[in-house]
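Coordinate inspection notes
If you want the building blocks of each chain, they are given just below.
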Amino acid sequence: MNAPVSSQHSYLLERAGRQAEVVGALKAVLPAHALLWNNEDTTPYECDGLTAYRERPLVVALPESYVQVQAILKTCHALGVPVVARGAGTGLSGGAMPHKLGVTLSLAKFNKILKMDPQSRTAVVQGGVRNLAISEAAAQHGLYYAPDPSSQIACTIGGNVAENSGGVHCLKYGLTVHNVLKVRGFTIEGEEVEFGSDALDTAGYDLLSVVIGSEGMLAVTTEVTVRLIPKPQLARCIMASFDDLRKAGDAVASVIAAGIIPAGLEMMDKPMTAAVEDFVHAGYDLTAAAILLCESDGTVEEVEEEIGRMSEVLTRCGATAIAVSQSEAERLRFWSGRKNAFPASGRISPDYMCMDSTIPRKRLADILLAIAEMEKKYQLRCANVFHAGDGNLHPLILFDANDADQLHRCELFGADILETSVAMGGTVTGEHGVGVEKLNSMCVQFSSEENEQMFGVKRAFDSQGLLNPGKVIPTLNRCAEYGKMLVRGGKISHPDLPRY
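To keep things clear, this report deals only with the structure shown in the data block. (Residues numbered from 1 in each chain as written. Predicted model: local features only at pLDDT ≥ 70, side-chain atom pairs only at ≥ 80, totals over all residues. Heavy atoms only, no water.)

1. Regarding empty space enclosed by the protein
Heads up, the rule is: Grid points spaced at 1 Å over the protein atoms alone were grouped into cavities, where a 1.4 Å probe fits but cannot get out, and pockets, open sets with protein on both sides within 12 Å along at least five of seven lines, with lining residues defined by an atom within 4 Å of a point. Grid points are joined across faces, edges and corners, and a volume is the space filled by probe spheres set on the points. To qualify as a helix, a DSSP run of H or I must reach at least 4 residues; to qualify as a strand, a run of E must reach at least 2; elements of each kind are numbered from the N terminus.
Under the definition given, this model contains two cavities of 30 Å³ or more. A volume near 30 Å³ is recorded for the second largest cavity. Forming the walls of the second largest cavity are G167, V168, C170, L171, L265, E266, H387, G389 and D390. For the lining of the second largest cavity, the secondary structure elements donating two or more residues are α6 (170–173) and β13 (264–269).

And the structure:
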């Protein structure tokens, strides 16, 4: 009698057979060097910037032309194989984590700026072009691309479109959705699609706003037309110290209430300022409970007037110290700490999980105080940095992923932050997306009927659910199970996701 075959052995046999089938089919449309399937070659693609969850893809495809992208999608659709598009892999919610029986489609080779038009103040770029590269190319024309996520030196415009990325200057200049005119790409069936236009508006439904922020679930982005804006004549930054978190939070709301829209308005708490000061020596006040960075840009006269008004508001709100940059070098030094918050955190902890909820500005102090209590509850440290002007939080929970208990407590801590944000009138994500990280929290914010409506949009583009499956929208079963766990006073995590 034959011995029973274990489920793991059955899965490995299924994987090997499926891999051979997919590799064989893709070899017909791709050159050999554009396909990876051996473990040592596919391991670098097993996660994005959220390293707590990993999965080795069945195959990695690295196309070099639009024709090849189209052929890959048509082949995978015919075989019923899931596809996960990937840019630079800098995402922080697991949006680019591979499917274990799917193809990871890398757009890394689509890194050309196709057209720079200073007259219309636009640029047409391929999806794999780095965010910062656009501004570098536009600089000779006195222009730049406004959205500036902290990862802009590495992240790609295709990834920015997927996540609707923002950055420290999004308060005044908007998110990706406000700075993109047109997106071109392919559906899972290999159909060429175009959203938006070169004009300010298009006829019919606003599908451009649907695809931006859709996290790779609706189409694969290959080309983007972005809006460029003139570089300001002058920019200056205020660094304000506060001895109390509530005073700092109230100051943010007061600046906006005064009718001022700064170019940037960021907040860091004491643990974060200590981490970044030791890393970049930006000159931060290490005695402050929180610091604010408030930037003004425009003409010399505009900046002078706005800096004066903001300084008055900050002083009235209890700032213990105010410094104003006197040179471009000093302004960049003030910002260097904020821009390096994530790598600085990596120096003080083996791992961190960056959350990304958004709350009303008036609740900034409340959420910070709540997070301080959560640190005690979960016995983990948390350093906080905020896009304070629009209420977008980035708490960085510090933990050691080699300790399974710490990882579990970190997940509970993160879920608590997100659920508390919703309770305060906010949302579970601002610019990092849902990915796999926030699936449970989507059950808290949205009803089953609302989630079903989102699935309806997904099905309209991808009826078989092959593009980036298992991300962003929780299933009814998942939400039901999560609800039962909450009633029992527990939490569910991601038991189906491979970890360290």
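2. Things to note about the packing of aromatic side chains
To describe a pair of aromatic rings, one takes the distance between the centres and the angle between the planes. Operational definition: For Phe, Tyr and Trp, where Trp contributes only its six-membered ring, two rings pair if their centres lie within 6.5 Å, and the inter-plane angle classes them as stacked under 30 degrees, edge-to-face over 60, or tilted in between. Note on classification: 1.4 Å probe, protein chains only; a residue is buried when its accessible area is under 20% of the maximum for its type, exposed when over 50%, partly exposed between these limits. When the NZ atom of lysine or the CZ atom of arginine is within 6 Å of a ring's centre and also within 35 degrees of its normal, the charge is said to sit over that ring.
For the coordinates displayed, the defined rule picks out four aromatic pairs. Plain terms: the ring middles of Y66 and F110 are 5.5 Å apart, the flat faces sit at 5° to each other, and that makes the pair stacked. You can see Y66 sitting in helix α3 (residues 66–79) and its partner F110 sitting in the loop between β4 (103–106) and β5 (113–117), a full 44 residues away along the chain. Judged by relative accessible area, which is 25%, Y66 ranks as partly exposed. Residue class for F110 comes out buried when judged on its relative accessible area of 2%. Aromatic side chains F342 and Y352 sit 6.1 Å apart centroid to centroid with 50° between the ring planes, which places their arrangement in the tilted category. Of this pair, F342 sits in helix α12 (residues 341–348) while Y352 sits in strand β16 (residues 351–354); the two residues are 10 residues apart in sequence, bridging distant segments of the chain. A cation sits over an aromatic face here: K100 above Y11, 5.2 Å from the ring centre.

3. Looking at the nonpolar core
Basically, it comes down to this: We call a set of buried Ala, Val, Leu, Ile, Met, Phe, Trp, Tyr and Cys residues a nonpolar core when their side-chain atoms join them within 4.5 Å. Residue contacts follow a heavy-atom distance rule, with two residues in contact if any of their heavy atoms lie within 4.5 Å.
Formed by 58 residues in total, the largest nonpolar core has its most connected members in F242, L314, M353 and F413. Among the elements that make up this core, the one with the highest residue count is helix α13 (residues 364–378) (seven residues). Leaving out residues up to four positions away in the same chain, F413 has contacts with I371, M374, E375, Y378, L380, C382 and I397.

4. Remarks on the sheet that holds β13
Here is the rule we go by: The rule for pairing is simple: two strands pair if DSSP sees at least two bridges between them. A fitted line through C-alpha atoms represents every axis, and for helices the fit uses only the stretch in contact; the resulting angles, taken between N-to-C directions, go from 0 to 180 degrees.
Taken together, seven strands build an open sheet; the order of strands is β15-β12-β14-β13-β17-β18-β16 and the sheet is antiparallel. The outermost strands of the open sheet, each flanked by one partner alone, are β15 (321–324) and β16. Taken pair by pair, the neighbouring strands of this sheet meet at an average axis angle of 15°, ignoring direction. Of the pairings in the sheet, the one linking strand β12 (residues 234–242) to strand β14 (residues 290–298) comprises nine bridges and is antiparallel in character. Note that in β14 the partner of M239 across the bridge is L293. In this fold helix α8 (residues 245–257) packs onto β12, β13 and β14, with an angle of close to 175° to the strand it touches most, β13. Taken strand by strand, α13 contacts β13, β17 (381–387) and β18 (392–399), and its axis lies near 165° from that of β17.

5. Structural notes on the state of the cysteines
Quick reminder of the rule: Note on terminology: disulfide denotes any pair of cysteine sulfur atoms within 2.5 Å.
What the rule picks out here adds up to one disulfide. C443 shares a disulfide with C479; S-S distance 2.2 Å. Its S-S torsion of about -80° marks the bond between C443 and C479 as left-handed, since a negative value means left-handed. Here C479 lies in helix α17 (residues 476–487) and C443 lies in helix α15 (residues 439–445), a separation of 36 residues in the sequence. Summarising the burial analysis for this pair, C443 and C479 share the class buried. No disulfide involves C354; its sulfur sits 9.1 Å from the nearest other cysteine sulfur, which is in C382.

6. Some points on the packing of helix α9 (residues 270–280) against α12
In plain terms, the rule: Note on terminology: angles under 35 degrees are roughly parallel, angles over 145 are roughly antiparallel, angles of 65 to 115 are roughly perpendicular, and the others are oblique. Any residue outside Ala, Val, Leu, Ile, Met, Phe, Trp, Tyr, Cys, Pro, Asp, Glu, Lys and Arg is labelled polar, Gly included; the first ten of those are nonpolar and the last four are charged.
In the contact formed by α9 and α12, the axes pass within 8 Å of each other and the chain directions differ by 90°. If you check the angle between α9 and α12, you find them roughly perpendicular. Listed contacts from α12 to M272, A275, V276, D278 and F279 of α9 are A341, P343, A344, S345, R347 and I348. Looking at the contact of α9 with α12 residue by residue, the classes come out as eight nonpolar, one polar and two charged.

7. With respect to unusual backbone geometry
With a phi angle near 60°, E215 is a residue other than glycine that sits in the positive phi range. As for its placement among the helices and strands, E215 is situated in the loop between α7 (207–211) and β10 (220–227). With phi around 70°, V472 is a residue other than glycine that occupies positive phi space. Following the sequence through the fold, V472 ends up in the loop between α16 (448–461) and α17. When its relative accessible area of 12% is taken as the criterion, V472 is described as buried.

8. Re the pairing of β10
In terms of residue burial, β10 counts as a mostly covered element, since seven of its eight residues are buried. As paired strands, strand β6 (residues 122–126) and β10 are joined by five bridges and run antiparallel to one another. What sits directly across from Q126, in β10, is E223. In the sheet, strand β8 (residues 180–186) pairs with β10 via six bridges, with the strands oriented antiparallel. For G185, the partnering residue across the bridge sits in β10 and is T221.

9. Some words on the layout of surface pockets
Counted as a void, the second largest pocket has a volume near 810 Å³. Contributing to the lining of the second largest pocket are 28 residues, with D148, Q152, H169, R331 and L332 lying nearest its centre. Ranked by residues supplied to the lining of the second largest pocket, first place goes to helix α11 (residues 328–339) with five residues.

10. Let's talk about the pattern of salt bridges
What counts is decided by this rule: A pairing counts as a salt bridge when a side-chain nitrogen of Lys or Arg comes within 4 Å of a carboxyl oxygen of Asp or Glu.
A complete count under the given rule lists 27 salt bridges for this structure. Close ionic contact of E21 with R18 constitutes a salt bridge, the shortest N to O distance being 2.6 Å. Of this pair, E21 and R18 both sit in helix α1 (residues 7–27), three residues apart, which is roughly one turn of that helix. Here E373 ties to K376 by a salt bridge, and the two come within 3.3 Å at their closest N and O atoms. Taken together, the residues span about one helical turn, with E373 and K376 both in helix α13 at a distance of three residues. E373 gets classed as partly exposed once you look at its relative accessible area, which sits at 47%.

11. Some thoughts on the environment of L292
In this fold, L292 is placed in strand β14. Accessibility expressed as a relative area gives 0% for L292, which makes it buried. Leave out the neighbours within four places in its chain, and L292 touches I238, M239, A240, F242, A248, A251, V252, E266, M267 and L314.

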